[in-house]
Amino acid sequence: MKAVSVEEAVAMIPPGASVMVGGFMGVGTPERLLDEVVRQKKTGLTLICNDAAIPGKGVGKLFDAALVSKLIATHIGLNPNAQKQMLANQIAVDLIPQGTFVERIRAGGCGLGGVLTPTGVGTLVAEGKKQIEVDGKPFLLETALRAQFALVHAFLADYLGNLAYALTSRNFNPIMAMAADTVIVTAENIVPVGVIAPDHVVTPAPLVDYLIANG
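Now for a description of the structure that goes with this document. Per chain, residues are indexed from 1 in the order of the written sequence. Per-residue local features are limited, in this predicted model, to residues with pLDDT of at least 70; the limit for side-chain atom pairs, both in listing and counting, is 80 or more; totals at the level of whole chains, interfaces and linings are taken over all residues. Working from all heavy atoms in the structure, the side-chain values ignore hydrogens and water.

**Quick notes on the overall build of the chain**
Alright, step 1. Tallying secondary structure elements over the chain gives 6 helices and 12 strands in all.
Alright, step 2. At 17 Å, the chain has a C-alpha radius of gyration in line with the 17 Å of a compact globule built from 215 residues.
Alright, step 3. For the C-alpha atoms alone, the extent of the chain along its principal axes is close to 55 × 40 × 30 Å.
Alright, step 4. Burial classification: accessible surface area is computed with a 1.4 Å probe over protein chains only, and a residue below 20% of its type maximum counts as buried, one above 50% as exposed, and the rest as partly exposed. Among the 215 residues that make up the chain, the fraction classed as buried is 47%.
Alright, step 5. The contact definition used throughout considers only heavy atoms, calling two residues in contact when any of these lie within 4.5 Å. In the chain, the share of contacts with a sequence separation of at least 24, taken over all contacts with a separation of at least 6, comes to 71%.
Alright, step 6. All tallies of charge rest on Lys and Arg as positive and Asp and Glu as negative; His and the ends of each chain are not included. For the purpose of locating charges, the reference atoms are NZ of Lys, CZ of Arg, CG of Asp and CD of Glu. If the 16 positive side-chain charges of the chain are averaged to one point and the 18 negative ones to another, these points end up 4 Å apart. Note on conventions: DSSP H or I runs of at least 4 residues are helices, E runs of at least 2 residues are strands, and numbering of each starts at the N terminus. Here the globule rule reads 2.2 Å times residues to the power 0.38, and the radius of gyration is calculated from C-alpha atoms.

Following this line, the structure appears as C-alpha cells:
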C-alpha cells in the first residue's frame, strides 16, 4: 500500500477504464476521488456501481460531466441526467438485479467464473446466457464481474491500509475492493496501526493499493 495525493491516484486511471465505485445513492462514496475524476476529465469510463446516484452527488457527478460511456448498475431511477443519456444512446446501460450484481462482483473477487441464480429464468434477462439445471431446477450462469480500478471509501484506515466501515456506508465497498486490479481508497480517518482491532478489519491491507492522504 502506498499513500498518494488524490491527483496522483486519479492520474493513474486512463480514459476508457473500467471503474467500480462503492456507495449506495451516494452514501459511502469516495467523493474526493470522483471530484478529481471530473477535474481531470477522464472520459469514456465503464462505470460499475449500484446506482447512478443523483445529479451533483456521488457518481452523479460523472454523468453531469458526461464522462461515462457504459454503466453497469442495478437502477438509475433517481438520476434524470443518466436517464436522458441512456435514451439518447450516449451511454450503454446494463441493468442487473441487485443480488445478482453483488454476487457477480463477489465471484470476481474470489476468483470464480460466475454464479448460478434462478433470478431471470424465463425472462428477457436469460437471453444469450447459459442455463444449467441443478436438482431439476433451472439456473442462469451469471459471469464474474471485475474492473481495472475500484474507488472505495472507508471510515477508518490505518497506515498499512487495513479498512473499517461505518454502518450502511459499508455497502458495496468491501466486495469491490476484492474485485479490481487496482484499489484506491479514501478514508474519513487515518489512524496508527493497532487502533483498528484485528476483528474489526473488514478489508485487509493486502487488498489496498493506494490510500489517499488526508489534508
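**Re the pattern of salt bridges**
Alright, step 1. Basic side-chain nitrogens of Lys or Arg form a salt bridge, by our definition, when they fall within 4 Å of a carboxyl oxygen of Asp or Glu. All chains considered together, the criterion is met by 6 salt bridges.
Alright, step 2. A salt bridge links Glu 31 to Lys 61, with the nearest nitrogen and oxygen atoms 2.6 Å apart. Residue Glu 31 is found in helix H2 (residues 31-39), and its partner Lys 61 is found in helix H3 (residues 60-64); the two are separated by 30 residues along the sequence.
Alright, step 3. Residue Lys 61 is classed as buried on the basis of its relative accessible area of 15%.
Alright, step 4. A salt bridge links Glu 36 to Arg 39; the shortest N-O distance between them is 2.7 Å. Of the two residues, Glu 36 and Arg 39 both sit in helix H2, 3 residues apart, roughly one turn of that helix.
Alright, step 5. Look at Glu 36 and you get buried, because its relative accessible area is 6%.

**Thoughts on the environment of Ala 213**
Alright, step 1. Residue placement: Ala 213 occurs in the segment after strand E12 (210-212).
Alright, step 2. Since its relative accessible area comes to 36%, Ala 213 is described here as partly exposed.
Alright, step 3. Distance in space between the C-alpha atoms of Ala 213 and Ala 147 is 23 Å, their sequence separation being 66 residues.
Alright, step 4. In this view, Ala 213 contacts Val 4, Arg 32 and Ile 190; residues no more than four positions away in its chain are not counted.

**Here we look at the nonpolar core**
Alright, step 1. Here, nonpolar core refers to any group of buried Ala, Val, Leu, Ile, Met, Phe, Trp, Tyr and Cys residues whose side-chain atoms link them within 4.5 Å. Of all hydrophobic cores here, the largest spans 30 residues; its most connected members are Leu 47, Phe 63, Leu 71 and Leu 151.
Alright, step 2. Mapped by element, the contributors of at least two residues to this core are helix H1 (6-11), strand E2 (18-21), H2, strand E3 (45-48), H3, strand E4 (68-73) and strand E9 (147-158).
Alright, step 3. Leaving out residues up to four positions away in the same chain, Leu 71 has contacts with Leu 47, Cys 49, Ala 52, Phe 63, Ile 76, Ala 92, Val 93 and Asp 94.

**Side note on H2**
Alright, step 1. Leu 33, Leu 34, Glu 36 and Val 37 are the residues of H2 that are buried. Buried residues of H2, viewed axially, fall in a sector of 160°; they line one side.
Alright, step 2. Where H2 ends, the next residue or the one after it, Lys 41, has phi of about 55°, a positive value. Directions from the helix axis toward the C-beta atoms define the arc.

**Comments concerning the environment of Met 12**
Alright, step 1. In this fold, Met 12 is placed in the loop between H1 and E2.
Alright, step 2. With relative accessibility at 31%, the residue Met 12 sits in the partly exposed group.
Alright, step 3. For Met 12, the residues in contact, after removing those within four places along its chain, are Phe 149, Ile 184 and Tyr 210.

The analysis is restricted to geometry; functional conclusions fall outside its scope.
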